[in-house]
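Observations on the model geometry
Each chain, letter by letter, is given below.
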Amino acid sequence: MNELYQPIENLAGVGEKRAEKYHKLGIHTPYDLLFHFPRTYIDYANPVMIADVENGIPCAIRCTVLQKLAVAFVRKGFSIYRVLVTDGISDMLLVFFNTPYTYQAMKAGEQYYAYGKLTGGFLRREMQSPQVQKVENAMLLQPVYPQTIGLTSQMMRTNIQRTLTLLKQQPIETLPPALMQDYQLMPLTNALHIVHRPNTHAELDAARHRLAFEELLQFQLGTLMIRHKSGSQAAISMSASTSIQDFYDHLPFSLTRSQNHAIQIICKDLCGAKPMNRLLQGDVGSGKTAVAAAAAAFTAKNGMQTVLMAPTEILAQQHMSTMTGFLAPLGIQTILLTGSMKAKDKRAIKKQIAEDTAAVIIGTHAVIQKDIEFSALGLVITDEQHRFGVAQRAALAEKGGCPHKLVMSATPIPRTLALIVYGDLDITILDEMPKGRLPIQTFAVTGGYRERAYGFIRSHLDAGEQAYLVCAMIEESDSLENVQAAETYAETLKQGAFRDYRIGLLHGKMKPAEKEAVMAAMKAHEIDLLVCTTVVEVGVDVPNATLILIENADRFGLAQLHQLRGRVGRGTVQSFCILVTDSKNEDARNRLKIMSHTNNGFAIAEEDLRLRGPGDFFGHAQHGMPPLMQAAFCSNMPLVSETQMAAKQLLNIDPELMLPEHRALRTAVLQLFAKNGENGLN
Ligand code: ADP
Ligand code: MG
């Protein structure tokens, strides 16, 4: 039995306690441990001279021990251990607090690497709590692992060392030899060895390349297999002669060129022999809902049902009213189904759904996936807003035969990422805004300007406009901190700056019905100023709202700020976005500057990707790709296209990866997608 796949507690040096900690990191076997890649490496390969480094900057110094000073017992439970070392030119002290181990192990006259930050002045430089390695058997690039409490990098290094020995005895490989040769990739066993024990930057790069290649390849194989699977099913084909002229006739505005184009493409897909799998990407406010309505009308005229799924109840509610506005004049039924409805009402609605074979059903993802049997489902539209739910998409493939699928996303994502995340979908982009929209004016200010900003907001409220005030301490909108902050803020404004105005409050801890009531009041202009957490982010549409002030703006990513800002600028009146921050952090200030300069979601997404890395786009947990790998490929467009080509080549020969030389890869792909709750591949 291969020890690599035994429970991690069977590994020498791992007890029950440590095993538990490993479980928390999702590591259950030594094999898993091999794929727990270093977050970064401490570079001992280029040591510097003490005299050459500034204080406070981490550095590695190669030094010889001159003298071990006597232990200083400062008080009970607090001792200091000091070692005087020299780099040949200057001296410094290595200082350890309460930890005698390294001190005890060091010997006068021997050579060590010390890594840490220098402090102190001209007379006495010192390095506190340094990492120390003996020069003789030093790891020149020492891995630092993503950790959990009670599990240090040192412990992991030791356990991984043992695992690497096992690996040597029983090498593993997932890629077929022909592919490794074609793309000049090193064997997996070597790559794993090097990534945990690199000797040089060059070999580390090659190993990372191999691992990134494989990760990316697996992901692309998975999405292509989903695509292949749904593409090979027969579509519920609609009639190309269907007219939705009456839809156009009843529109209160004329569509943009982009919208018209998207509708044409979608209707063509609906008439095709394969089920549609399309992503409709468009910046906030680009008018995706009207496109969805046209597709629903087309489907209804073919005697089939459309379901529109929204991520939240507020959004479902809003879609219900918008879609009804578009579709009621055509005599098409719209039906809302949400989790907060009474069981009795739900039953009645389900009966209606079973009977009306051409209705448009709107609800939240959860409710619709769980509760409904459709009578004639033709089209499924998902409004993801800013989620990338590969798993959801696959799950949907199982529902109600094989309907056409349209995914709407409001987060413009850079092309590189779109190719990966939406590899199973065709992509259509709405790249223009409805006519008459004025670009939102954005200002970044410090807290000192708050009162003036309030005055500015009041003048607009006096003119009959409405405003949002987003007050969140942290990104996660439902957190208690945010809720309390919003409540307090609303109270303060009610007593003070906005005592003459109607103030509403919206946060994630409110019941769905309460939230809906507040949003309805906002839409009906019964509220002038809505104080809220980031729950307001998702797709809420109140065209009369022209101002949004965002507190703690530095705490949000650009993509999220852009989403929030998209709550205004939805009508024809000039809108404003005020970003308040007292952060002195230069990165944060730069990000806000970018917001002030551009309204283009795609440009902002590129910047966000560059500044924050791809983790935020992917959501690490969602697909299980380690951050290191992401970093390797995301800035690396050639690797994306290379792996895409490789994936297509493989599937051309062997669509299900059933050949013996592909089985290992197949298993890996299934596992990667199973981790994400994916069930569309089996
Ligand atoms: P999003 O793409 O962000 O979902 P919506 O579909 O909510 O955007 O549309 C934003 C607003 O623009 C809505 O009030 C909608 O009625 C309006 N709208 C959509 N298309 C047009 C258009 N072609 N001309 C004018 N207004 C439009
Ligand atoms: Mg929308």
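Above this text is the structure in question.
No experiment lies behind these values; they were computed from the predicted model shown.

Description of the site of ligand 1
- Near ligand 1 there are 16 residues, and of these Q259, G285, K288, T289 and R437 occur at the shortest range.
- Taking S286, its main chain carries an N or O atom lying 3.5 Å from an oxygen atom of ligand 1.
- Between an oxygen atom of ligand 1 and a side-chain N or O atom of K288, the distance comes to 2.8 Å.
- Looking at the shell around ligand 1 residue by residue, the classes come out as four nonpolar, seven polar and five charged.

Comments concerning a positive patch on the surface
- Taken together, the side chains of K342, K344, R347 and K350 define a basic patch exposed on the protein surface.
- Considering the arrangement of structural elements, one finds K344 in helix α12 (residues 343–355).

Quick word on the sheet that holds strand β19 (residues 466–470)
- Reading across the sheet, the six strands line up as β18-β23-β22-β19-β21-β20 and stay open at both edges, with parallel pairing between neighbours. Strand pairing shows two members of the sheet lacking a second neighbour, β18 (441–445) and β20 (503–506), which therefore form its edges. Averaged over neighbouring strand pairs, the angle between their axes works out to 15° when direction is ignored.
- Bridging between strand β22 (residues 545–550) and strand β23 (residues 576–580) involves four bridges; their strand directions are parallel. If you follow L547 over to β23, its bridge partner there is F576.
- On top of the sheet, helix α18 (residues 512–523) reaches β19, β20, β21 (529–532) and β22; it is set at about 145° to β20, its chief contact.
- Relative to β18, helix α20 (residues 586–597) is tilted by about 155°, and along the sheet it contacts β18 and β23.

Quick look at the packing of aromatic side chains
- Per the stated rule, a full pass over the model turns up 15 aromatic pairs.
- When the centroid spacing of 5.1 Å and the interplanar angle of 45° are considered together, the rings of Y31 and F35 count as tilted.
- Relative accessible area serves as the criterion here: at 27%, F35 is assigned to the partly exposed category.
- Through successive ring pairs, a cluster of aromatic residues spans Y5, Y31, F35 and F37.

A word on unusual backbone geometry
- Positioned with a positive phi, H525 is a non-glycine residue whose angle comes to about 60°.
- The topology assignment puts H525 in the loop between α18 and β21.
- The partly exposed category is assigned to H525, whose relative accessible area is 25%.
- Phi angles above zero are rare outside glycine, and L657 is one such case at about 55°.

Some points on the nonpolar core
- Ranked by internal contacts, the top residues of the largest apolar core, which has 42 residues, are F247, M323, L327 and I362.
- Taken together, the elements giving at least two residues each to this core come down to α9 (257–270), α10 (288–301), β12 (305–310), α11 (313–327), β14 (360–364), β15 (377–385) and β16 (404–409).
- Top contributing element to this core by residue count: α10, with 10 residues.
- Once you skip the residues sitting within four places of it in the chain, I362 turns out to touch L308, A316, H319, M320, M323, T334, I335, L336, L337 and I368.
- Counting 33 residues, the second largest nonpolar core, distinct from the first, contains A472, V518, C532 and I594.

Examining the environment of A668
- Within the secondary structure, A668 sits in helix α26 (residues 663–675).
- Linking A668 and E214, residues 454 residues apart in sequence, is a C-alpha distance of 10.0 Å.
- Contact partners of A668, with chain neighbours within four places excluded, come to T174 and Q218.

What counts, and at which threshold
Residues numbered from 1 in each chain as written. Chains lettered and ligands numbered in written order. Predicted model: local features only at pLDDT ≥ 70, side-chain atom pairs only at ≥ 80, totals over all residues. Heavy atoms only, no water. Near = heavy atom within 4 Å. Polar contact = N/O pair within 3.5 Å; in protein donor to acceptor, adjacent residues only side chain to side chain. Nonpolar A, V, L, I, M, F, W, Y, C, P; charged D, E, K, R; others polar. Patch = residues over 30% accessible without salt bridge, like charges linked within 9 Å, V, L, I, M, F, W, Y side chains within 5 Å. Areas by Shrake-Rupley, 256 points an atom, 1.4 Å probe, with all protein chains shown as cover. Salt bridge = Lys/Arg side-chain N within 4 Å of Asp/Glu carboxyl O. Lys, Arg positive; Asp, Glu negative; His and termini not counted. Charge placed at Lys NZ, Arg CZ, Asp CG, Glu CD. Helix = DSSP H or I, 4+ residues; strand = E, 2+ residues; numbered from the N terminus. Pairing = 2+ DSSP bridges. Axes fitted to C-alpha atoms, helices over the stretch in contact; angles between N-to-C directions. Contact = heavy atoms within 4.5 Å. Phe/Tyr/Trp six-rings, centres within 6.5 Å; stacked < 30°, edge-to-face > 60°. Buried < 20%, exposed > 50% of the residue type's maximum accessible area, 1.4 Å probe, protein only. Core = buried A, V, L, I, M, F, W, Y, C linked by side-chain atoms within 4.5 Å.

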